[in-house]
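These are the residues of each chain, in order.
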Amino acid sequence: MMRDVFYPINHGFLRDHNFTCITHYWANWDLCNIASIMAIAILCEDADKFDEAVTYFRSGAGNGSVEHAIPHLVWAMLHNHYNRIKHLDDKYISAMSDVLGIEGGGGNYGSTSGGYDQLGFGQLMCAR
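Residues numbered from 1 in each chain as written. Predicted model: local features only at pLDDT ≥ 70, side-chain atom pairs only at ≥ 80, totals over all residues. Heavy atoms only, no water.

Re the environment of His-68
Reasoning step 1: Along the chain, His-68 turns up in the loop between helix H3 (47-59) and helix H4 (75-85).
Reasoning step 2: A relative accessible area of 37% means that His-68 is categorised as partly exposed. (Helix = DSSP H or I, 4+ residues; strand = E, 2+ residues; numbered from the N terminus. Buried < 20%, exposed > 50% of the residue type's maximum accessible area, 1.4 Å probe, protein only.)

Quick notes on unusual backbone geometry
Reasoning step 1: Unusually for a residue other than glycine, Phe-19 sits at a positive phi of about 60°.
Reasoning step 2: Tracing the backbone through its elements, the reader meets Phe-19 in the loop between helix H1 (2-16) and helix H2 (27-44).
Reasoning step 3: Owing to a relative accessible area of 74%, Phe-19 belongs among the exposed residues under this scheme.

Let's talk about the environment of Ile-40
Reasoning step 1: Note that Ile-40 resides in helix H2.
Reasoning step 2: Along the chain, Ile-40 and Phe-6 lie 34 residues apart, while their C-alpha atoms are 8.4 Å from each other.
Reasoning step 3: With residues up to four places along the chain from it excluded, the contact list for Ile-40 reads Met-2, Phe-6, Tyr-7, Asn-10 and Lys-49. (Contact = heavy atoms within 4.5 Å.)

Looking at a nonpolar patch on the surface
Reasoning step 1: On the surface, a cluster of nonpolar side chains totalling about 610 Å² of accessible area is made up of Met-1, Met-2, Val-5, Phe-6, Ile-9 and Leu-43.
Reasoning step 2: It is H1 that provides the largest number of residues to the nonpolar patch, a total of four residues.
Reasoning step 3: Here Val-5 is to be found in helix H1.
Reasoning step 4: Owing to a relative accessible area of 40%, Val-5 belongs among the partly exposed residues under this scheme. (Patch = residues over 30% accessible without salt bridge, like charges linked within 9 Å, V, L, I, M, F, W, Y side chains within 5 Å. Areas by Shrake-Rupley, 256 points an atom, 1.4 Å probe, with all protein chains shown as cover. Salt bridge = Lys/Arg side-chain N within 4 Å of Asp/Glu carboxyl O.)

Some points on the side chain of Asn-33
Reasoning step 1: Here Asn-33 shows up in helix H2.
Reasoning step 2: A relative accessible area of 10% places Asn-33 in the buried class.
Reasoning step 3: Within the structure, Asn-33 has its side chain in polar contact with the side chain of Asn-10 (distance 2.8 Å).
Reasoning step 4: Those residues in contact with Asn-33 that sit more than four places away from it in its chain are Ile-9, Asn-10, Phe-13 and Leu-14. (Polar contact = N/O pair within 3.5 Å; in protein donor to acceptor, adjacent residues only side chain to side chain.)

Brief notes about the packing of H4 against helix H5 (residues 91-100)
Reasoning step 1: At their nearest, the axes of H4 and H5 sit 9 Å apart, and the two run at 145° to each other. As H4 packs across H5, the resulting crossing turns out to be left-handed. On H5, the residues that touch Trp-75, Ala-76, Leu-78, His-79 and Tyr-82 of H4 are Ile-93, Ser-94, Met-96, Ser-97 and Leu-100.
Reasoning step 2: Broken down by class, the residue content of the contact of H4 with H5 amounts to seven nonpolar, three polar and no charged. (Axes fitted to C-alpha atoms, helices over the stretch in contact; angles between N-to-C directions. Left-handed = near helix turned anticlockwise from the far one by under 90°. Nonpolar A, V, L, I, M, F, W, Y, C, P; charged D, E, K, R; others polar.)

Encoded structure:
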């Protein structure tokens with residue numbers, strides 16, 4: 001059922017975005033479909049589907065790919081990873097995180113904004 005019913009819907013959305021402009025949907029639409037494909041891949045032990053999800057996240061055409069995601073929502077996560085976990089100098093990432101401060105989320109950037117694409121837990125979850 002997962003492979004035959006849900007996967008084709010997720011794959012189709014990422015492929016053609018319901019035949020709309022590729023930037024018509026906010027990132028959360030792509031991210032939900034990416035997560036669904038990844039979950040199906042894990043459940044069905046399907047490495048090709050898992051790779052499809054990762055590839056789309058890395059280089060997909062829609063707003064859910066990391067190349068097109070809203071960049072100010074990720075500075076705290078980047079800072080935590082490179083500075084706190086890897087112990088690398090991340091002065092530029094740290095500076096951006098400090099400038100932007102605690103990110104919003106859940107409509108903080110307007111009622112039709114990308115604020116809903118990530119719920120604003122970056123500082124809360126990543127700061128130590």
